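Each chain is listed here by its residues.
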Amino acid sequence: MEELDGEPIVTLIPGVNSKKKQMCFDWGPGEMLVCETSFNKKGKSETVPSCPFIYIVRKDVDVYSHILRKLFNESHGIFVGLQRIEEELTGKSRKAQLVRVSKNYRSVIRACMEEMHQAAIAAKDPASSRQFSSQVSILSAMELIWNLCEILFIEVAPAGPLLLLLLDWVRLHVCEVDSMLADVLGSENPSKHENFWNLVTILVLQGRLDEARQMLSKEADASPTSAGMCRILGDLMRTMPVLSPGNTQTLTELELKWQHWHEECERHLQDGTFVSSPHLESLCKIMLGDEAALLEQKELLSNWYHFLVTRLLYSHPTVKPIDLHFYAQSSLDLFLGGESNPEPLDNILMAAFEFDIHQVIKECSIALSNWWFVAHLTDLLDHCKLLQSHNLYFGSNMREFLLLEYASGLFSHHSLWQLGVDYFDYCPELGRVSLELHIERIPLSTEQKALKVLRVCEQRQMTEQVRSICKILAMKAVRNNRLGSALSWSIRAKDAAFATLVSDRFLRDYCERGCFSDLDLIDNLGPAMMLSDRLTFLGKYREFHRLYGDKRFVDAASLLLSLMTSQIAPRSFWMTLLTDALPLLEQKQVIFSAEQTYELLRCLEDLASGRPVHGEPDAQQLQDDEIETTKVEMLRLSLARNLARAIIKEGSLEGS
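Residues numbered from 1 in each chain as written. Predicted model: local features only at pLDDT ≥ 70, side-chain atom pairs only at ≥ 80, totals over all residues. Heavy atoms only, no water.

If you check an unreviewed UniProt entry, the protein chain appears there as Nuclear pore complex protein Nup85 from Myotis davidii. In its Subunit (unreviewed entry) section, the UniProt entry covering the protein chain states "Component of the nuclear pore complex (NPC)." (UniProt positions renumbered as here; feature names shortened; annotations may be inferred.)

Rendered as structure tokens:
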């Protein structure tokens, strides 16, 4: 296993003193619970810990930022779209499509960065403003890295167009010049503005020579003495050979023209054409790629990669991709000058210039606070067929590992977990297993959320998870005395034991209230009533009531007797069933035959003989026993009377 590249970040927990007390912790999928124990370092137990709180240490705090949530939501759509069009991508259209996907990702980052910037401006307290500004810096760095990776790994620009793309890259990320340009042009006399020459210098450093020429024309108009020099330098800017996107000239032709132009600039400098104007002379030196002149503009260049691109523009305009890392390393060394060490961002950019994709991903994983960037960038590079040979030692490739980590972080959020499901879906090796583990840990705070989770599981035939969720919801419904909902969930879970429990609750409720709740559900059980004997009894008992209500007494009597004799009815409910038979026994016409009446008498005697014998009964017990005895006597009388009537009726029929 590889060693860590640096010490992990220490997270301080307020109120907890790990030097004096032993700590205990428990890992979750996206967070860790930490608390003090009642033991000190010497192992002696105290009555209570000095810090009686449990702290939650979250791994991915960025998912709780409402602005970054927009980044996660928007990029999710781009990610899913890329996976779905993968099979359609071929040849040149494939490269164009992947570049378009990359630009879409970058536009989402920039939109999020702009919103974060506005939030920093609008923040009322300094701490919030600093936090938002820090996020802006991180998002800006992410977009800078992504843009460079797009140029080098996705566009795969050859010599010539490569420099044009790098110029656009620098212009996009060193954008202070635009506000400076507006400020200078908005003044009464632009050439006398304090930032005029700084502006012209930055325009030249960024290769924006047409705009630089326009600014020089204003200097020429305002100062006749320097008009000639401005015109000559402007002509040099205008004639500088540049490989435009639609140009058909070869690199060799460009190099020859550029060499001729370079010699002309050198001649003007040697002849002292600009000696009377230090500003114009400095600009001419920059256009000659003079390293000393470029390094004098450190403040305007602001960073080493700007210095690199300017240096390439005026010294090596046809640089090949394979040579980039030499120029990048020397530019970094020259720019820093040994005064400071490279920052993490510098190391990432340098790895990109060295075409070391894995090092870029590794450095980004260490430097950035969440997995969003590396997961999506790696997925895109994997679609470019750049990571096919890199498998990790624990059975997954790099793309899948990073997507799993990112999705795990999403599952710690109360709503973003729905995005995480799709990321797991597109991890063929371990995605299914990870989804099953994470989805079981989602807190089912509302029935609406539970239905969403259930739908996800059912769409993916996750039978065990469906059953588990239904059982949890059934338990919650029972606790809230919502028996209909509980029965519905237990049927959906195909849990016979729980369906029996809920059916018993229904029957007990009926005994207490004399009527059923949730009649629609019981009336429409259908084949589901076969899940358990008790549920079957509940459905059939409700059917008995329906037959009785429709005055179909003979059918009702047959059903009631079958419930008693088939042993499907719980013994505790026999007295209720026999009591339900009383109105049928007292009908004018004979409902129960002699044989059926004998069966009912047998059931009554079995019930009476099987009643428990109590010790010393209290008053309530005596009263209950008296009621039961009265019921038994009434039933015996009614059954005897019905038996006599049935025998007479059946004898009369036989005699006739």
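A. A look at the side chain of Q206. As for its placement among the helices and strands, Q206 is situated in the loop between helix 6 (196-205) and helix 7 (209-222). Sequence-distant contacts of Q206, defined by excluding residues within four places in its chain, comprise L167, R171, V174, V177 and H306. (Helix = DSSP H or I, 4+ residues; strand = E, 2+ residues; numbered from the N terminus. Contact = heavy atoms within 4.5 Å.)

B. Just the packing of aromatic side chains, in detail. In this structure the tally under the stated criterion is 18 aromatic pairs. With a centroid separation of 5.0 Å and 50° between ring planes, the pair formed by Y105 and W146 is classed as tilted. With Y105 in helix 2 (residues 91-122) and W146 in helix 3 (residues 126-155), the pair connects residues that are 41 residues apart, well separated along the chain. Its relative accessible area of 0% is what places W146 among the buried residues. For the pair Y105 and W372, a centre-to-centre distance of 6.4 Å together with 80° between the ring planes defines the contact as edge-to-face. Highlighted residues: Y105 in helix 2 and W372 in helix 17 (residues 372-383), separated in sequence by 267 residues. Judged on exposure class, the residue Y105 and its partner W372 are both buried. Through a chain of ring-to-ring contacts, the aromatic side chains of F72, F79, Y406, Y423 and Y426 assemble into a single cluster. The residue whose ring lies beneath K298 is F335, and the NZ or CZ to ring-centre distance is 5.4 Å. (Phe/Tyr/Trp six-rings, centres within 6.5 Å; stacked < 30°, edge-to-face > 60°. Buried < 20%, exposed > 50% of the residue type's maximum accessible area, 1.4 Å probe, protein only. Lys NZ or Arg CZ within 6 Å of the ring centre and 35° of its normal.)

C. Just empty space enclosed by the protein, in detail. Inspection of every chain in the model, using the stated rule, returns 3 cavities of 30 Å³ or more. Roughly 70 Å³ of internal volume is contained in the largest cavity. Among the residues forming the lining of the largest cavity, the class breakdown is 8 nonpolar, 1 polar and no charged. (1 Å grid on protein atoms, 1.4 Å probe; cavity = no way out; pocket = protein on both sides within 12 Å on 5 of 7 lines; lining within 4 Å. Points joined across faces, edges and corners; volume = space filled by probe spheres on them. Nonpolar A, V, L, I, M, F, W, Y, C, P; charged D, E, K, R; others polar.)

D. The arrangement of the pattern of salt bridges in detail. Considering all chains together, one arrives at 18 salt bridges under this definition. With its nearest N and O atoms 2.8 Å apart, the salt bridge here joins E143 to R106. In this pair, E143 is assigned in helix 3 and R106 in helix 2, connecting sequence segments 37 residues apart. Owing to a relative accessible area of 0%, E143 belongs among the buried residues under this scheme. For R106, a relative accessible area of 10% corresponds to the buried category. Residue D235 pairs with R238 through a salt bridge whose shortest N-O separation is 3.5 Å. In this pair, D235 and R238 both sit in helix 8 (residues 227-239), 3 residues apart, roughly one turn of the helix. Judged by relative accessible area, D235 falls into the partly exposed class, the value being 29%. Among the charged side chains, a network of salt bridges with common partners joins K103, R106, R110, E143 and E150. (Salt bridge = Lys/Arg side-chain N within 4 Å of Asp/Glu carboxyl O.)

E. Structural context of helix 14 (residues 324-336). A rise of 1.5 Å per residue sets the reference length of helix 14, with its 13 residues, at 18 Å; its end C-alpha atoms lie 18 Å apart and thus fit the reference within 8%. Within the sequence span of helix 14, burial applies to L324, A328, S331, L332, F335 and L336. Here the buried residues of helix 14 occupy an arc of 110° about the axis, which is enough to place them on one side. Contact partners of the buried residues in helix 14: helix 3, helix 4 (161-173), helix 11 (291-295), helix 12 (298-301), helix 13 (304-315) and helix 15 (344-353). Downstream of helix 14 by a residue or two, G337 has a phi angle that is positive, lying close to 60°. (Expected span 1.5 Å × (residues − 1). Arc of directions from axis to C-beta.)

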